[in-house]
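# Understanding the architecture of this molecule
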Amino acid sequence: MSEASRASAPSWRVRLPHTTAAVPIARALVRTALTAVEGPERAAADRDTAELLTAELVANAVRHTPGDEPIELVVELLPAPGGCQIEVHDDRPPAPGEPACSDPAVPVDPWQEHGRGLLLIRALSSDCGHRPTAHGKAVWFTLPAVPAQRRRNAD
């Protein structure tokens with residue numbers, strides 16, 4: 001996608017506390033952002049999936065990032081055909097070769113207490129990954145637009 005089309009897309013950037021309280025705040029913000037833009041001219045992503053995957057990214061950032069620096073949530077609506085990209089920024093730089101979305105060829109042990117969040121992100125998003133930022137990293141996922149007919153039936 002070109003930088004010009006991304007620049008014109010609506011987006012929200014919010015700093016969240018570095019505590020578990022950030023998870024329900026992030027879920028509510030994502031739901032509000034995706035609900036606020038629904039209309040005939042914009043196809044929104046599945047709100048429930050966006051909330052779930054956002055909660056996973058925010059919980060990982062809180063759990064795996066030391067300190068009390070805020071984490072940042074970025075919700076960006078994508079131009080036609082619609083959908084969204086959600087990023088969670090933290091101040092921990094990515095380790096070399098660190099997979100944000102685990103390798104699909106490596107099976108996940110369903111009995112492990114941790115490690116299934118990234119599997120969910122990989123399975124339910126259309127794309128995901130991570131990138132370094134000036135102050136750490138951003139872990140992101142993209143969700144496609146949900147056809148209007150399917151959204152109406154789900155509501």
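Now for a quick tour of the structure. (Residues numbered from 1 in each chain as written. Predicted model: local features only at pLDDT ≥ 70, side-chain atom pairs only at ≥ 80, totals over all residues. Heavy atoms only, no water.)

### Considerations on the overall build of the chain
- What the chain contains, in helices and strands, is five helices and five strands.
- Counting helices and strands in the order they occur from the N terminus, the chain gives α-β-α-α-β-β-α-β-β-α.
- Across the 155 residues that make up the chain, the buried fraction comes to 39%.
- Intrachain contacts of the chain at a sequence separation of at least 6 include 67% that bridge at least 24 residues.
- Accessible area for the chain stands at about 8,700 Å²; split by element, carbon and sulfur atoms hold 57% of it. (Helix = DSSP H or I, 4+ residues; strand = E, 2+ residues; numbered from the N terminus. Buried < 20%, exposed > 50% of the residue type's maximum accessible area, 1.4 Å probe, protein only. Contact = heavy atoms within 4.5 Å. Areas by Shrake-Rupley, 256 points an atom, 1.4 Å probe, with all protein chains shown as cover.)

### Section: the layout of surface pockets
- When its volume is computed, the second largest pocket comes out at roughly 330 Å³.
- Taken together, 18 residues make up the lining of the second largest pocket; nearest its centre are Glu72, His89, Asp90, Thr133 and His135.
- Those elements giving two or more residues to the lining of the second largest pocket turn out to be β1 (11-16), β2 (71-77), β3 (84-90) and β4 (127-133).
- Residue classes in the lining of the second largest pocket are distributed as four nonpolar, four polar and 10 charged. (1 Å grid on protein atoms, 1.4 Å probe; cavity = no way out; pocket = protein on both sides within 12 Å on 5 of 7 lines; lining within 4 Å. Points joined across faces, edges and corners; volume = space filled by probe spheres on them. Nonpolar A, V, L, I, M, F, W, Y, C, P; charged D, E, K, R; others polar.)

### Remarks on the sheet that holds β1
- If you walk across this open sheet you meet the five strands as β1-β2-β3-β5-β4, and the pairing is antiparallel. Two strands bound the open sheet, and with one partner strand each, they are β1 and β4. Averaged over all adjacent pairs, the angle separating strand axes in this sheet is 15 degrees, with direction ignored.
- Where β1 lies against β2, six bridges are found, and the strand directions are antiparallel. Bridge pairing in β2 links Val14 to Leu73.
- Contacts from helix α2 (residues 22-36) reach β1, β2 and β3 within the one sheet, and its direction differs from that of β2 by about 15 degrees. (Pairing = 2+ DSSP bridges. Axes fitted to C-alpha atoms, helices over the stretch in contact; angles between N-to-C directions.)

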